[in-house]
Amino acid sequence: MTSPTSPDPLRIAHSPCPNDTFVFDAWTHGRVPGAPGVEVTFADIDITNGMAERGELDILKVSYAVLPWVLDEYALLPCGGALGRGCGPLVLTKEPGAPLTGTSPADASPTGASPTGASLTGRTVAVPSERSTAYLLFRLWAAEVVPGGVGEVVVMPFHEIMPAVRDGKVDAGLVIHEARFTYQNYGLHRLADLGEHWESTTGLPIPLGAIIAKRSLGDATLRRLAESIRTSVRLAWDDPEASRPYVLEHSQEMDPSVADQHIGLYVNEFTADLGEDGYAAVRGLLTRAAAEGLVPPLGQDALRFV
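None of these values were measured; they are calculated from a predicted model.

Draft legend 1. Geometry of the packing of aromatic side chains. Applying the stated criterion across every chain yields a total of 4 aromatic pairs. With centroids separated by 5.8 Å and ring planes inclined at 40 degrees, the aromatic side chains of F138 and W141 adopt a geometry described as tilted. Of the two residues, F138 and W141 are both situated in helix 5 (residues 133-145); the distance of 3 residues between them amounts to about one turn of the helix. Of the two residues examined, F138 and W141, each falls in the buried class. Each member of the aromatic cluster is reached from another via a ring pair, and the members are Y135, F138 and W141. Sitting over the ring of W69, R131 keeps its end group 3.7 Å from the ring centre.

Draft legend 2. Broad picture of the pattern of salt bridges. The full count for this structure, using the stated rule, is 16 salt bridges. Close ionic contact of K61 with D20 constitutes a salt bridge, the shortest N to O distance being 2.5 Å. Highlighted residues: K61 in strand 3 (residues 59-63) and D20 in helix 1 (residues 18-28), separated in sequence by 41 residues. Classification of K61 by relative accessible area gives buried; the value is 7%. On the accessibility criterion, D20 (2% relative accessible area) is buried. Across the pair R244 and E241 runs a salt bridge whose closest N-O atoms are separated by 3.3 Å. Of this pair, R244 and E241 are both found in helix 10 (residues 240-249), 3 residues apart, which corresponds to roughly one turn of the helix. A residue is classified by how much of its surface remains accessible, and R244, at 25% relative accessible area, is partly exposed.

Draft legend 3. Layout of helix 11 (residues 256-266). Restricting attention to buried positions, one finds in helix 11 the residues V258, A259, H262, I263, L265 and Y266. In an axial view of helix 11, the angular spread of the buried residues amounts to 165 degrees, which keeps them on one side of the axis. Tucked inside the fold, the buried residues of helix 11 contact helix 1, strand 5 (82-84), helix 7 (179-182), strand 11 (206-214), helix 10 and helix 12 (269-272).

Draft legend 4. How the structure looks around the packing of helix 5 against helix 13 (residues 275-291). Contact pair helix 5 / helix 13: the axes reach a minimum separation of 11 Å and the direction vectors enclose 55 degrees. What the angle tells us is that helix 5 and helix 13 run oblique. In the packing of helix 5 onto helix 13, the handedness of the crossing is left-handed. Contacts between helix 5 and helix 13 pair T133, L136, L137, L140 and E144 from the former with L285, L286, R288 and A289 from the latter. Looking at the contact of helix 5 with helix 13 residue by residue, the classes come out as 6 nonpolar, 1 polar and 2 charged.

Draft legend 5. Looking closely at the sheet that holds strand 6 (residues 90-93). Taken together, 5 strands build an open sheet; the order of strands is 8-7-9-6-10 and the sheet is mixed. Each having just a single partner strand, strand 8 (153-155) and strand 10 (189-193) make up the two edges of the open sheet. Taken over all neighbouring pairs, the strand axes of this sheet differ in orientation by 30 degrees on average, direction set aside. Bridge analysis of strand 6 against strand 10 gives 4 bridges, and the strand direction is antiparallel.

The rules we used
Residues numbered from 1 in each chain as written. Predicted model: local features only at pLDDT ≥ 70, side-chain atom pairs only at ≥ 80, totals over all residues. Heavy atoms only, no water. Phe/Tyr/Trp six-rings, centres within 6.5 Å; stacked < 30°, edge-to-face > 60°. Helix = DSSP H or I, 4+ residues; strand = E, 2+ residues; numbered from the N terminus. Buried < 20%, exposed > 50% of the residue type's maximum accessible area, 1.4 Å probe, protein only. Lys NZ or Arg CZ within 6 Å of the ring centre and 35° of its normal. Salt bridge = Lys/Arg side-chain N within 4 Å of Asp/Glu carboxyl O. Arc of directions from axis to C-beta. Contact = heavy atoms within 4.5 Å. Axes fitted to C-alpha atoms, helices over the stretch in contact; angles between N-to-C directions. Parallel < 35°, antiparallel > 145°, perpendicular 65-115°, else oblique. Left-handed = near helix turned anticlockwise from the far one by under 90°. Nonpolar A, V, L, I, M, F, W, Y, C, P; charged D, E, K, R; others polar. Pairing = 2+ DSSP bridges.

Interpretation note: all reported values are geometric properties and have no functional meaning in isolation.
Shown next as structure tokens:
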């Protein structure tokens, strides 16, 4: 949608998930004074990650995991993204516990890994994107607890993952977003909470989705974008009902109560400003991943805003 405040709107892509539509509703609909107009494209995170790597569009919601590949062209904005506590990705299976290997809980792993982790050894796992933060957290977790590693990794849109696990098309699924609240509706079981694992080992919030904008827009415009996002977030918090039609229109027939839970979990203090803990979480994740050879190392000033 194009705001009437600008005849030449900036192009932005983000997901249709409730947290993103809630955050960007006021800006998208021209209710943020002085904000540039925007033309919105809705896309799954795997699509927006690819757009960023190809340098498409002016502003994108992407996985923090893709930053090492795109920060030469894009700047990380200090607001609008998704970080938090108790909101990490889940690993789901069709059966409870560790049934996939046919082992009992008493069976010991030669590497000391838990039977829960061992159940994924050599198995097929569906993930929302190989460049997603969820997948990065999964890789770090699996390196510790899955002896021999998982088998085939299949990328599919996140809303297709739970049905695929339920129907036996894959052995396990890595899920994000509102799946935290709905996976039991599919008869699935939680094998691991990767957010809990991250928080218990680092003490930091979980960095999930980032807002990036092209550096070529210039420092003044980047500052203006950040302020526009912050204002849009504050307006959404001040009057949540104003964004509800837009949120529900794009939430893929999600129950309104689930949409509210989704927003409550993913739109928080870090959405308004990353702050010290937010930046520490992002750098911590990417530094740890680089040490494991999962991403290129970050430059010293790579996360600098302007």
